[in-house]
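Topology and contacts: notes
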Amino acid sequence: MKVTVFRLGHRISRDKRISTHVCLVSRAFGAKDLVYSGAKDSGMEESVSKVVEQWGGKFSVNYEKNWRSFVKGWKGIVVHLTVYGIPVQEKIKKIEKSGKDVLVVVGGEKVPPEMYDLADYNVSVTGQPHSEIAALSIFLDRLMGGGELMKRFPGWKRKVIPREKGKKIVEK
Ligand SMILES: C[S@@+](CC[C@H](N)C(=O)[O-])C[C@H]1O[C@@H](n2cnc3c(N)ncnc32)[C@H](O)[C@@H]1O
């Protein structure tokens, strides 16, 4: 099972930071890549590739102009994270057991109503409004069963050495 994250409706000025964090969470928590729609943002793409170059792994970010045809053409399961969906704890086993590649869709300020119909599963992470970053983190952790915490990032140039106190980074 491979996981791709789809970030709907990116806006350069308002979402730069939050979309970059969606990319970084996707990478750190085991997604293969991220695709985004809305405004094409080369600056965001470059800042994520710099992280990949320095910290390793094969994560990539790609732009898709037509979100609808991309979602419709997905070969696998489409999971849309939304506060209005079915609680993640009730759906995660079914999604995981399918063994199919998963497209995890997160929204921005406004999610087109059609997205709810295109999704195989509309899934909530609590019934409280919060953020795409938090929802994505919890969803990926549940989907990976915690295995993403041990993920390795081959080809790294920088790596943190965990310490009780202070900071240690090794550089190649
Ligand atoms: C700040 S919210 C805005 C949602 C927007 N008002 C709409 O039209 O649905 C941005 C994104 O965070 C995610 N999100 C926020 N709260 C969530 C929750 N409780 N469960 C799952 N996803 C959530 C969803 O992907 C949502 O599209």
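Going by the structure above, here's the rest.
Computed from a predicted model, the values in this text were never measured in an experiment. All residue numbers refer to positions counted from 1 along the written sequence of the respective chain. The predicted origin of the model limits local features to residues at a pLDDT of at least 70 and limits the giving and counting of side-chain atom pairs to 80 or more, whereas totals for whole chains, interfaces and linings rest on all residues. Computation of side-chain values: all heavy atoms of the structure, hydrogens and water removed.

Observations regarding the site of the ligand
- Working definition: residue near molecule or strand if any one of its non-hydrogen atoms lies within 4 Å of it. The ligand sits among 19 residues. The nearest are L81, G107, E109, V125 and Q128.
- Bound to the protein, the ligand loses 79% of the 560 Å² it would expose on its own.
- Each helix is a run of H or I in the DSSP string that is no shorter than four residues. Each strand is a run of E no shorter than two, and both are numbered from the N terminus. Elements that contribute at least two residues to the shell around the ligand include exactly β4 (77-87), β6 (121-124) and α6 (132-144).
- Tallying contributions element by element places β4 first for the shell around the ligand, with 3 residues. Method for areas: the Shrake-Rupley scheme with a 1.4 Å probe, in which residue coverage is limited to the protein chains shown.

Side note on the side chain of T4
- Structurally, the position occupied by T4 is in strand β1 (residues 3-10).
- We call two residues in contact when some of their heavy atoms are within 4.5 Å. Contacts of T4, omitting those with residues within four sequence positions, involve K32, D33, V35, W74, V102, L103 and V104.

Looking at the sheet that holds strand β5 (residues 102-106)
- Here 6 strands make up an open sheet; going across it, the order is β3-β2-β1-β5-β4-β6 and the pairing parallel. Strands at the two margins of the open sheet, each flanked by one partner only, are β3 (60-63) and β6. Strand-to-strand twist across the sheet, computed as the mean angle between neighbouring axes with direction ignored, equals 30 degrees.
- In this sheet, β3 lies alongside strand β2 (residues 33-38) in parallel orientation, the contact comprising 4 bridges. When the bridges of β3 are listed, V35 appears paired with N62.
- Those strands touched by helix α2 (residues 42-55) are β1, β2 and β3, and its axis lies near 165 degrees from that of β3. Pairing between strands requires that DSSP locate at least two bridges from one strand to the other. Axis definition: a line fit to C-alpha positions, over the contact stretch in the case of helices; interaxial angles, taken between N-to-C directions, run 0 to 180 degrees.

A few points about the packing of aromatic side chains
- Ring geometry is summarised as follows: Phe, Tyr and Trp rings, the Trp one being its six-membered ring, pair when their centres sit within 6.5 Å, and such pairs are stacked at plane angles under 30 degrees, edge-to-face over 60 and tilted between the two. Tallied over the entire structure, the rule returns 4 aromatic pairs.
- With a centroid separation of 5.1 Å and an interplanar angle of 15 degrees, the aromatic rings of F6 and F70 are classed as stacked. Here F6 is found in strand β1, whereas its partner F70 is found in helix α3 (residues 67-72), with 64 residues between them in sequence.
- Classification of F70 by relative accessible area gives buried; the value is 19%.
- When the centroid spacing of 6.2 Å and the interplanar angle of 50 degrees are considered together, the rings of F70 and W74 count as tilted.
- Ring pairs connect the aromatic residues F6, F70 and W74, which therefore count as one cluster.
- Only Lys NZ and Arg CZ are tested; either one counts as a charge over a ring when it is within 6 Å of the ring centre and within 35 degrees of the ring normal. When the ring centre of F153 is taken as origin, the NZ or CZ atom of K151, which lies over that ring, is 5.2 Å away.
- The ring of W156 has K172 sitting right over it, with the charged end atom 4.2 Å from the ring centre. Partly exposed residues are those whose accessible area sits between 20% and 50% of the maximum for their type, while under 20% is buried and over 50% is exposed, using a 1.4 Å probe and protein chains only.

Let's talk about the environment of S19
- Structurally, the position occupied by S19 is in helix α1 (residues 12-28).
- For S19, a relative accessible area of 1% gives the class buried.
- A sequence separation of 12 residues divides S19 from R7, and the C-alpha atoms of the two residues are 7.4 Å apart.
- The residues contacting S19, other than those within four sequence positions of it, are R7, H10 and M44.

Observations concerning the environment of G147
- Relative to the helices and strands, G147 is located in the loop between α6 and β7 (158-160).
- By relative accessible area, G147 is classed as partly exposed at 38%.

So, the packing of α1 against α2
- The contact between α1 and α2 brings their axes to 10 Å, and the two run at 30 degrees. In terms of orientation, α1 and α2 fall into the roughly parallel class. By crossing handedness, the relation of α1 to α2 is classed as right-handed. Across the interface between the two elements, K16, S19, T20, C23, L24 and R27 from α1 touch G43, M44, S47, V48, V51, V52 and W55 from α2.
- For this classification, the nonpolar set comprises Ala, Val, Leu, Ile, Met, Phe, Trp, Tyr, Cys and Pro, the charged set comprises Asp, Glu, Lys and Arg, and every other residue, Gly included, is treated as polar. Its residues assigned to classes, the contact of α1 with α2 comprises 7 nonpolar, 4 polar and 2 charged. Put simply, angles under 35 degrees are roughly parallel, angles over 145 are roughly antiparallel, angles from 65 to 115 are roughly perpendicular, and the rest are oblique. For any pair of crossing helices, the crossing counts as left-handed if the nearer helix is rotated counterclockwise from the farther one by less than a right angle, and right-handed if it is rotated clockwise.

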